[in-house]
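Close look at the chain arrangement
Residue strings, one per chain:
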Amino acid sequence: MKISVCVLPGDGIGPEITAQAERVLAAVAERFGHAVEIRRALIGGAAIDAVGVPLPEDTVAACQASSAVLLGAVGGPKWDDLEPALRPEKGLLGIRKALGLFANLRPAVLYSELAASSLLRADIAAQGVDVLVVRELTGGLYFGEPRGEAVVDGERAAFNTMIYRESEIERILRVAFEAARRRRRQVCSVDKANVLEVSRLWREVAARVSQDYPDVELTHMYVDNAAMQLVRAPHAFDVVVTENLFGDILSDEAAAITGSLGMLPSASLGASGPGLFEPIHGSAPDIAGQDVANPLATILSVAMLLRHGLGLEAEAQAVEQAVRTVLGRGLRTRDIATHGATVVGCAQMGEAVLAAL
Ligand code: IPM
Ligand code: MG
């Protein structure tokens, strides 16, 4: 098969980690007899520096012309003082919207090899963590209109709108139920239905959609309680589905408790067209260019790209297996190193995965 991937390295450690992920993609493709064509395009601060905007039109076109998109990370202190419309983050939000990527899959897994780096109490960590956060990605407060600033009773005020249409809720719920069928068949829908009208509609639609999935258990949870339960009993969660901002927050929490932020990949998918695959961590400007970043989240994003973007399950598993092999050998980048580990740099970690492939 011919695989065409648009790589958006972005900012900070983005270029280093995507470089390693590209090598792994090339190697797995060769092993399975696929031809890979890589395009590279600008996004975020790198695009601002080069052409003055965070998401150039060329970049959108390059992504649309590819079968999948691999992204590093965007943002950094250099661009923090720019006006909101010109910040690096607008590049990321813009490409999600332009490609219609409404479904964001963020698996948070506690690797048994890395249990020592988990932030959880040992007896809780021992029960394992394997949560899939399904975050709605193109609606809610992030995109709702009206938004802006106004003067209210003589003083400055600012406002955003949380709005969801039934169709938007329904399609993300379906993604969650379908995912649950390939897992432990439990969906926890997270909302704030005790306060928000949006959440009451969300609950109603969730209950209606669940009738099409009688084999999957649906529960509802308020977002504040979900934040608490995620640390108290993370093993109790299978699939968590929620709106954009709640999902942003809960997915960081779920990732952080596994202790392996540098390990976790994500997939953003639309109804059709290319998906976008990226590590869930940020651009880590403090360690950029030092060859110490952990490339594994991006390499595991290649696995998600193969599985969800291209339907190449065996290829995805080969990448995941190679990562496990490397961890099993005790190789660790600085962020996941514990006593007795062999600490390696970003490129060395990439090489080790290549060797294991
Ligand atoms: C994420 C990030 C982004 C988001 C930022 C960088 C705009 O936090 O992917 O979770 O809020 O969606
Ligand atoms: Mg976030």
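About the criteria used
- Residues numbered from 1 in each chain as written.
- Chains lettered and ligands numbered in written order.
- Predicted model: local features only at pLDDT ≥ 70, side-chain atom pairs only at ≥ 80, totals over all residues.
- Heavy atoms only, no water.
- Phe/Tyr/Trp six-rings, centres within 6.5 Å; stacked < 30°, edge-to-face > 60°.
- Helix = DSSP H or I, 4+ residues; strand = E, 2+ residues; numbered from the N terminus.
- Axes fitted to C-alpha atoms, helices over the stretch in contact; angles between N-to-C directions.
- Parallel < 35°, antiparallel > 145°, perpendicular 65-115°, else oblique.
- Left-handed = near helix turned anticlockwise from the far one by under 90°.
- Contact = heavy atoms within 4.5 Å.
- Nonpolar A, V, L, I, M, F, W, Y, C, P; charged D, E, K, R; others polar.
- Near = heavy atom within 4 Å.
- Polar contact = N/O pair within 3.5 Å; in protein donor to acceptor, adjacent residues only side chain to side chain.
- Areas by Shrake-Rupley, 256 points an atom, 1.4 Å probe, with all protein chains shown as cover.
- Core = buried A, V, L, I, M, F, W, Y, C linked by side-chain atoms within 4.5 Å.
- Buried < 20%, exposed > 50% of the residue type's maximum accessible area, 1.4 Å probe, protein only.
- Domains from an automatic or database assignment.
- Patch = residues over 30% accessible without salt bridge, like charges linked within 9 Å, V, L, I, M, F, W, Y side chains within 5 Å.
- Salt bridge = Lys/Arg side-chain N within 4 Å of Asp/Glu carboxyl O.
- Pairing = 2+ DSSP bridges.

**Side note on the packing of aromatic side chains**
The relative placement of two aromatic rings is captured by the distance of their centres and the angle of their planes. In total, this model carries two aromatic pairs according to the counting rule given. Here the aromatic rings of Tyr164 and Trp202 are separated by 5.5 Å at their centres, their planes lie at 75°, and the arrangement is edge-to-face. Of this pair, Tyr164 sits in the loop between strand 7 (155-159) and helix 6 (166-181) while Trp202 sits in helix 7 (residues 197-210), and the two are 38 residues apart along the sequence. The interplanar angle of 10° and the centroid separation of 4.8 Å between the aromatic rings of Phe177 and Tyr213 together place this pair among those described as stacked. In this pair, Phe177 is assigned in helix 6 and Tyr213 in the loop between helix 7 and strand 9 (217-222), connecting sequence segments 36 residues apart.

**Re the packing of helix 1 (residues 14-32) against helix 11 (residues 313-328)**
Direction vectors running N to C along helix 1 and helix 11 enclose 130°, while the axes themselves pass 10 Å from each other. When the interaxial angle is binned, helix 1 and helix 11 end up oblique. Viewed along their axes, helix 1 and helix 11 form a crossing whose handedness is right-handed. Taking contact as the criterion, the partners of Val24, Val28, Arg31 and Phe32 in helix 1 are, on helix 11, Ala314, Glu315, Ala318 and Val319. For the contact of helix 1 with helix 11, the per-class residue count stands at six nonpolar, no polar and two charged.

**Some points on the site of ligand 1**
Taken together, the neighbourhood of ligand 1 is formed by Glu89, Arg96, Arg106, Arg135, Tyr142 and Asp248. Arg96 has a polar side-chain atom sitting 2.7 Å from an oxygen atom of ligand 1. The side chain of Arg106 places a nitrogen or oxygen atom 2.8 Å from an oxygen atom of ligand 1. Burial of ligand 1 by the protein chains amounts to 75% of its free accessible area of 320 Å². Residues belonging to the shell around ligand 1 are distributed by class as follows: one nonpolar, no polar and five charged.

**Overview of the nonpolar core**
Of all hydrophobic cores here, the largest spans 86 residues; its most connected members are Leu173, Met263 and Leu306. Tallying contributions element by element places helix 10 (residues 296-309) first for this core, with eight residues. Counting contributing residues per domain, this core is built from domain 1 (1-99 + 274-357) and domain 2 (105-263), each supplying no fewer than three. Once you skip the residues sitting within four places of it in the chain, Leu173 turns out to touch Trp202, Ala206, Val209 and Val241. Among the nonpolar cores identified, the runner-up in size contains 15 residues, and Leu8, Val74, Leu92 and Ile95 belong to it.

**Structural notes on a nonpolar patch on the surface**
On the surface, a nonpolar cluster with roughly 340 Å² of combined accessible area is contributed by Leu42, Val51, Val53, Leu82 and Leu86. Inspection of the secondary structure puts Val53 in the loop between helix 2 (44-51) and helix 3 (57-64). We classify Val53 as partly exposed; its relative accessible area is 34%.

**Description of the pattern of salt bridges**
Here the structure, examined in full by the defined rule, presents 26 salt bridges. For Lys192, the salt bridge goes to Asp224, with nearest N and O atoms at 3.2 Å. Taken together, the positions of Lys192 in the loop between strand 8 (186-191) and helix 7 and Asp224 in helix 8 (residues 223-232) put the pair 32 residues apart, joining distant regions of the chain. Its relative accessible area of 45% is what places Asp224 among the partly exposed residues. Linked through salt bridges whose partners overlap, the residues forming this network are Glu166, Glu170, Arg174, Arg208 and Asp212.

**A few points about the side chain of Ser66**
With respect to the helices, strands and loops of the structure, Ser66 is situated in the loop between helix 3 and strand 3 (68-73). If near-sequence neighbours (up to four positions away) are discounted, Ser66 is found in contact with Ser4, Val5, Cys6, Arg39 and Pro274.

**Let's talk about the pairing of strand 8**
Counted residue by residue, strand 8 has five buried out of six residues, so it is predominantly covered. Bridging between strand 8 and strand 9 involves six bridges; their strand directions are parallel. Bridge pairing links Val187 to Leu218 in strand 9. Strand direction decides the pairing type here: strand 8 and strand 10 (residues 239-242), joined by four bridges, are parallel. Paired with Val190 across the strands is Thr242, a residue of strand 10.

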